[in-house]
Amino acid sequence: MAKPIQLTSHPMANYPLKVLSQLKKTHKFDKLPNLKNFPSANRIAISNNKLRIACTSDIFDNTTKLVDSCPQADILIIAGNISRYSKWIDIVKFRKCLDDLPIKYKILLPGSSDICFNFENLTNEQTKQCERDNIKKELQLLGLKHVSQYLNNVIYLQDMGVEIAGVKFYGSPWVSTNKTAAFYCSRNNIMNKWNHIPRGIDVLITCQPPLGHGDADYIEEHLGDVDLLGTVACRIGPTFHVFGYSREEFGISFNGYTYFINASMCTRSYNPSNDLIVFDVPMPDNASKISPNINYFTGLM
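Residues numbered from 1 in each chain as written. Predicted model: local features only at pLDDT ≥ 70, side-chain atom pairs only at ≥ 80, totals over all residues. Heavy atoms only, no water.

Enquirer: Outline the environment of Asp 114, supporting the account with residue identities and numerical values.
Expert: Of note, Asp 114 is situated in the loop between β4 (105–109) and α4 (124–129). A relative accessible area of 0% places Asp 114 in the buried class. The residues contacting Asp 114, other than those within four sequence positions of it, are Gly 80, Asn 81, Ile 82, Ser 83, Ser 86, Leu 109 and Ala 182. (Helix = DSSP H or I, 4+ residues; strand = E, 2+ residues; numbered from the N terminus. Buried < 20%, exposed > 50% of the residue type's maximum accessible area, 1.4 Å probe, protein only. Contact = heavy atoms within 4.5 Å.)

As structure tokens, then:
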């Protein structure tokens, strides 16, 4: 078996603004000016040979907004940041929200603020913020080891993929711009995480945006990752890439092959002003919605 293609980190990975200024000469960063112009907007009837996807991220405890604004779809994607504080009461509230949603398949990727999904290397402040000991106690009482097990009505993707009715989804929660993020990896090392993502993915889900697509300048730094853009554009080439994290850049951009979707519900001030974005993914000819095969797969090692 041939060894999977692995990329090396960009030599200017720590200087995203300089990289972006060069890439704009050759790479397309076309932002769709109106979501109604998107070819699979939710005004089109759901097709039997396509999966209707509704996606959002950065909901930050606005579960009422999620339930009230969620359109009809086959699959819901939540690309991280479900809560501001990650306390047990927030987790319980989120589970109740998921139970109230009529969508059959719900895919969840943990985000930068979702420290309840990763207790490694928490600061003292974060430990107090999420009330870690209380979460561990509640899980122990339920006979569970991880918060994702409590959310038993979701498909939890943490460096994993799932195939539903022939359509492949993969989720990676890492970010390279916030050292206190639940899943942090420096710009110099994060290519090691992106290299785990296999090819052949239809919908890639990350917390962090790729450089130049749905990201923004913030305190003289770009929230998008240089090596994630290189991975998506040069190695993986998914049809759709869903993310959030940069909360002022809600919308869709296109590079000629991949639709980049910043699905952030909240703005930087935590105002839940954005509705879910909807798109369709064609299913293989032999796939069925009535009895879809669901198969999990891991990333490359």
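Resuming the write-up.
Enquirer: Any chance you could break down the sheet that holds strand β5 (residues 155–156) for me, citing the residues and the numbers?
Expert: Spatial ordering of the open sheet is given by β5-β4-β3-β2-β14, a layout of five strands whose pairing is mixed. Two strands in the sheet have a free side with no partner beyond their single neighbour: β5 and β14 (277–282). Summarising the sheet, strand β2 (residues 50–56) and strand β3 (residues 75–79) pair through four bridges and their orientation is parallel. Across the sheet, the residue bridging to Ile 53 is Ile 75, located in β3. (Pairing = 2+ DSSP bridges.)

Enquirer: How would you sum up the sheet that holds strand β13 (residues 259–262)? Please name residues and give values.
Expert: The mixed open sheet is built from eight strands, whose spatial order is β1-β12-β13-β11-β8-β7-β6-β15. Looking at strand neighbours, the two that pair on one side only are β1 (30–31) and β15 (294–298), the edges of this open sheet. With five bridges joining them, strand β6 (residues 160–164) and strand β7 (residues 167–172) adopt antiparallel strand pairing. Residue pairing in the sheet places Gly 161 in a bridge with Tyr 170 of β7.

Enquirer: Give a detailed account of the side chain of Asp 227, specifying residues and quantitative values.
Expert: Locating Asp 227 in the fold gives a position in helix α8 (residues 226–236). A polar contact of 2.6 Å, which involves the side chain of Asp 227, links it to the side chain of Ser 9. Each residue touching Asp 227, except ones within four places of it in the same chain, is listed here: Ser 9, His 10, Ala 13, Arg 187, Met 191 and Trp 194. (Polar contact = N/O pair within 3.5 Å; in protein donor to acceptor, adjacent residues only side chain to side chain.)

Enquirer: I'd like to hear about the pairing of β7, residue by residue, with values.
Expert: Burial runs high along β7: five of the six residues are buried. Between β6 and the antiparallel strand that follows it, β7, lie two residues; Ala 165 among them carries a positive phi value of about 50°.

Enquirer: Quick rundown of the nonpolar core? Include the residues and the values.
Expert: A general trend in soluble globular proteins is that nonpolar side chains are found buried together. Leu 108 and Phe 117 are the most contacted members of the largest nonpolar core, which totals 48 residues. Counting only elements with at least two residues in this core, the list comes to β3, α3 (88–100), α5 (132–142), α6 (147–150), α7 (191–194) and α8. In terms of residue count, α3 provides more of this core than any other element does, five residues in total. In contact with Leu 108, other than residues within four places in its own chain, are Ile 78, Ile 82, Phe 94, Phe 117, Leu 151, Val 154, Ile 155, Tyr 156 and Leu 157. By size, the runner-up hydrophobic cluster in this structure holds 34 residues, among which are Ala 79, Val 203, Phe 254 and Val 281. (Core = buried A, V, L, I, M, F, W, Y, C linked by side-chain atoms within 4.5 Å.)

Enquirer: Go over the packing of aromatic side chains with me, naming the residues and quoting the values.
Expert: Enumeration according to the criterion identifies eight aromatic pairs in this entry. With centroids separated by 5.5 Å and ring planes inclined at 85°, the aromatic side chains of Trp 174 and Phe 183 adopt a geometry described as edge-to-face. Taken together, the aromatic side chains of Phe 240, Phe 254, Tyr 259 and Phe 279 make up a single cluster linked through ring pairs. Its end group placed over the ring of Tyr 15, Lys 18 keeps NZ or CZ at 5.1 Å from the ring centre. Its end group placed over the ring of Trp 174, Lys 193 keeps NZ or CZ at 3.9 Å from the ring centre. (Phe/Tyr/Trp six-rings, centres within 6.5 Å; stacked < 30°, edge-to-face > 60°. Lys NZ or Arg CZ within 6 Å of the ring centre and 35° of its normal.)

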